[in-house]
Amino acid sequence: MRSRKFLLGLGVLAVPALFTAATAALGHPWLPAVGMAALLLLIGAVALDTNKRSRARYGQRPVAAPVKAAPATTEEDLMGTIRLLQAQYVGRLDRAQDSLELATTALVAAAEERARAGAQQQ
């Protein structure tokens, strides 16, 4: 049964498509637009019918449960969060300062090495 409906649907969609192609080939100015409008109308009707059938088959989607309100934030929670962020920030600054000092030490050592090598060549 489904194959007959499928072939019938293809036939119904083929009629405006063939009409559009034939009128465009014959050079009519507005008939291809009418054919395309009919084709799009049929495709839209098929899409709406498919949507209706799938909703009827599978039912409506369940509505999500309402989200429970978060518990009230206390001043202790806020201060704890601020202290944690402050400690993380200070730790990052300390690591950045350590790596900057290491890079500076390496740069100074490399400059001294080049100065010694330049003095030995002269």
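Values in this document were obtained by computation on a predicted structure and should not be read as measured data. (Residues numbered from 1 in each chain as written. Predicted model: local features only at pLDDT ≥ 70, side-chain atom pairs only at ≥ 80, totals over all residues. Heavy atoms only, no water.)

### Describing the environment of Thr-23
Convention followed: Numbered from the N terminus, helices here are DSSP runs of H or I no shorter than four residues, and strands are runs of E no shorter than two. Burial classes follow relative accessibility: with a 1.4 Å probe on protein chains only, a residue under 20% of its type's maximum area counts as buried, one over 50% as exposed, and anything between as partly exposed. Two residues qualify as a contact provided that any one of their heavy atoms is within 4.5 Å of a heavy atom in the partner residue.
Structurally, Thr-23 can be placed in helix 1 (residues 2-26). Overall, the relative accessible area of 5% leaves Thr-23 in the buried class. Residues Thr-23 and Gly-35, spaced 12 residues apart in sequence, show a C-alpha to C-alpha distance of 8.5 Å. Not counting residues within four places of it along the chain, the set of residues in contact with Thr-23 comprises His-28, Leu-31 and Pro-32.

### Brief notes about the confidence of the model for the chain
The condition that has to hold: pLDDT measures how confident the predictor is about each residue, on a scale from 0 to 100.
For the chain, the average pLDDT comes to 85, and 94% of its residues sit at 70 or higher. When the elements of the chain are averaged for pLDDT, helix 1 gives the smallest value, 81, and helix 3 (residues 75-121) the largest, 92.

### A short note on the environment of Tyr-58
Relative to the assigned elements, Tyr-58 resides in helix 2 (residues 31-58). Considered as a pair, Tyr-58 and Ala-37 are 21 residues apart in the sequence and their alpha carbons are 32 Å apart.

### Quick notes on the pattern of salt bridges
Side chains that carry opposite charge are capable of pairing whenever their charged atoms lie near each other. Put simply, the test is: Only one rule defines a salt bridge in this text: a Lys or Arg side-chain nitrogen within 4 Å of an Asp or Glu carboxyl oxygen.
Tallying each qualifying case throughout the model produces two salt bridges. Ionic pairing is found between Arg-116 and Glu-112, a salt bridge with its closest N-O pair at 4.0 Å. On the criterion of helical spacing, the pair formed by Arg-116 and Glu-112 is a turn pair, its members being four residues apart in helix 3. Given the relative accessible area of 42%, Glu-112 is considered partly exposed. With a closest N to O distance of 3.5 Å, Glu-113 and Arg-116 form a salt bridge. Taken together, the positions of Glu-113 and Arg-116, both in helix 3 and three residues apart, correspond to about one turn of that helix. Through salt bridges that share partners, Glu-112, Glu-113 and Arg-116 make up one connected network.

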